[in-house]
Amino acid sequence: QNVRIDPSSISFQMWKDIPVPFYLSVHFFEVLNPKQVLQGAKPVLSQRGPYVYREYRYKTNITFHENGTVSYLEYRNLFFQPDLSNGTEDEYVVVPNILMMGAAVMMEKLPNFLKILLSGALAGLKQEAFMNRTVGEIMWGYEDPLIDAINMIVPGLIPFKGKFGLFMDFNNSNSGLFTVNTGMKNISQVHMVDSWNGLKKVNYWRSSQCNMINGTAGEMWPPFMSPTSLEFYSPDACRSMTLVYEQSGKFKGVPTYRFVAPKTLFANGTDYPPNEGFCPCMQSGIQNVSTCRLNAPMFISHPHFYNADPSLVDAVQGLHPSKEQHGLFLDVHPMTGIPMNCSIKLQLNLYIKQVSGIIQTGKIKPVVLPLLWFAESGSIEGSVLKQFYTNLVLLPSVLEYLQYIFLGLSVPLIISAAVLVAMSKRSAAEKSPRDPARHSRAPPSSETTPLLQDTDPPSQDPAHA
């Protein structure tokens, strides 16, 4: 009852305005040898950051429906935290020219005259394969005349105008209209997604299974979880994700199940046939998200290509994948389905290569080049943790201990009562007068003697004596 989405439930306010302090930590990969990469050399990368942002989430347009569901929009606001960051948003970083290199690969199969036309426009705009821009510009957007030039040469290739930034749609924006089950009719379905933006399934991928919207919105899960797996739909990844149970543990005294990403999460269709619908695929460990990212040659993966094909790590220099630093996890309280501690980590990658007819691409060898990786992390703490621990750990434990205490006390009480009863019966027997007739021998029984007979001798009439 207390985990249903209902204004009267204990967890409703926590669901509406998430009290957990979330942080977005962003690490950029700076290219140290851009001129050599243009000549066909292996990219040498240096990780910069983290650049840390405090993330505030809140829900609006909350509408309850008669079928036991509720719709809402959830907004995110991000604020830079200089004290937690290793650097400022004004620092310059050398990264691929994402718009130019992305457009070049997207135009690879178009007629040569269009590519030559674009190459001429790029030269006139002094566009190069790599750019030196600030962290703030790459994150939140920068004006680029290239946007208008591309839209003029190939209308609709990049369907937006004005600024371009990797996290422009991440700040002060919502993640789409979610409709989820309230649990009022069936508690086992609470938080499960009914639709997203009115859709029961998406149409980004090539199979019905890959297009399915499964699980929750990634904030809470139904109570009484089993140590198997959990699912959630991620609008950022344009797909549903399944995490698997790894181990049981405790977070600040609260029992938890830890769920992690299986190696198959970003596996290609050859290594894991159910993922065939996410193809066209390259090596295992990266997922092509071009169909939901304006057809740009973008891939997502675990940071530093953790759990990916070793050839991806070997294609660049400067990556050091490890489970501790780059593996994502969710620690969930199994009784309530509420996450206690989590860190969701993803990496954005751009596929770049030499494209004939576009001289700015030089002799770049085909490579999936990491741009940045980010972690969205949060844990319950402070008064919320104290209340959670008291209501869901301490009180049940006290009640359980009291149960055993009462049981322990009841055993000697029962024994004592039995002894007292026995003693009182014995005392009563000793105080009652003995009946000598009870010591006379009973007559032998025969077939005609009643089994239940009066053993007292019949009284004799003095007249007949």
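Rules behind the numbers
Residues numbered from 1 in each chain as written. Predicted model: local features only at pLDDT ≥ 70, side-chain atom pairs only at ≥ 80, totals over all residues. Heavy atoms only, no water. UniProt positions renumbered as here; feature names shortened; annotations may be inferred. Disulfide = S-S within 2.5 Å. Helix = DSSP H or I, 4+ residues; strand = E, 2+ residues; numbered from the N terminus. Buried < 20%, exposed > 50% of the residue type's maximum accessible area, 1.4 Å probe, protein only. Salt bridge = Lys/Arg side-chain N within 4 Å of Asp/Glu carboxyl O. Contact = heavy atoms within 4.5 Å.

By the naming in an unreviewed UniProt entry, the protein is Scavenger receptor class B member 1, taken from Thryothorus ludovicianus. The annotation that UniProt attaches to the protein under Sequence similarities (unreviewed entry) is "Belongs to the CD36 family."

Peer 1: Run through the state of the cysteines, naming residues and quoting values.
Peer 2: Here the structure, examined in full by the defined rule, presents two disulfides. Between the sulfur atoms of Cys238 and its disulfide partner Cys292 the distance amounts to 2.1 Å. Handedness of the Cys238-Cys292 disulfide follows from its S-S torsion of about 85°: it is right-handed. Here Cys238 is found in the loop between strand E10 (229–234) and strand E11 (239–251), whereas its partner Cys292 is found in the loop between strand E13 (286–288) and strand E14 (298–301), with 54 residues between them in sequence. Assigned by exposure class, Cys238 and Cys292 land together as buried. Each disulfide pairs two cysteine sulfurs, and for Cys279 the partner residue is Cys281, the sulfurs being separated by 1.8 Å. Of note, the bridge from Cys279 to Cys281 carries an S-S torsion of about -90° and is left-handed in sense. Take the cysteines of the protein that form disulfides and number them in order along the sequence; they join up as 1-4, 2-3. Free of any disulfide, Cys210 has its nearest cysteine sulfur in Cys279, 8.3 Å distant.

Peer 1: Tell me about unusual backbone geometry, and name the residues and values.
Peer 2: Gly49 connects to Pro50 through a cis peptide bond whose omega is 10°. Position of Pro50 among the secondary structure elements: in strand E2 (residues 45–64). The omega torsion across Cys279 and Pro280 is 20°, close enough to zero to call that bond cis. For Pro280, the location among the structural elements is in the loop between strand E12 (254–260) and E13. Non-glycine residue Cys238 carries a positive phi angle of around 60°.

Peer 1: Summarise the pattern of salt bridges; cite the residues concerned and give the values.
Peer 2: Scanning the entire structure with this criterion turns up 15 salt bridges. Of the charged contacts in the structure, one is a salt bridge between Arg48 and Glu91, with a shortest N-O distance of 3.3 Å. Of this pair, Arg48 sits in strand E2 while Glu91 is found in the loop between strand E3 (69–80) and strand E4 (92–96), placing the two residues 43 residues apart along the sequence. Overall, Arg48 belongs to the buried group, its relative accessible area being 19%.

Peer 1: Provide a residue-level description of the environment of Leu330, including the pertinent values.
Peer 2: Along the polypeptide, Leu330 turns up in strand E15 (residues 329–333). Leu330 sits in the buried class, given a relative accessible area of 4%. Note: C-alpha distance between Leu330 and Phe259 (71 residues apart in sequence) is 5.2 Å. Apart from residues lying up to four places away in sequence, Leu330 is in contact with Trp221, Leu230, Leu243, Tyr257, Arg258, Phe259, Pro339, Asn341, Cys342 and Ile344.

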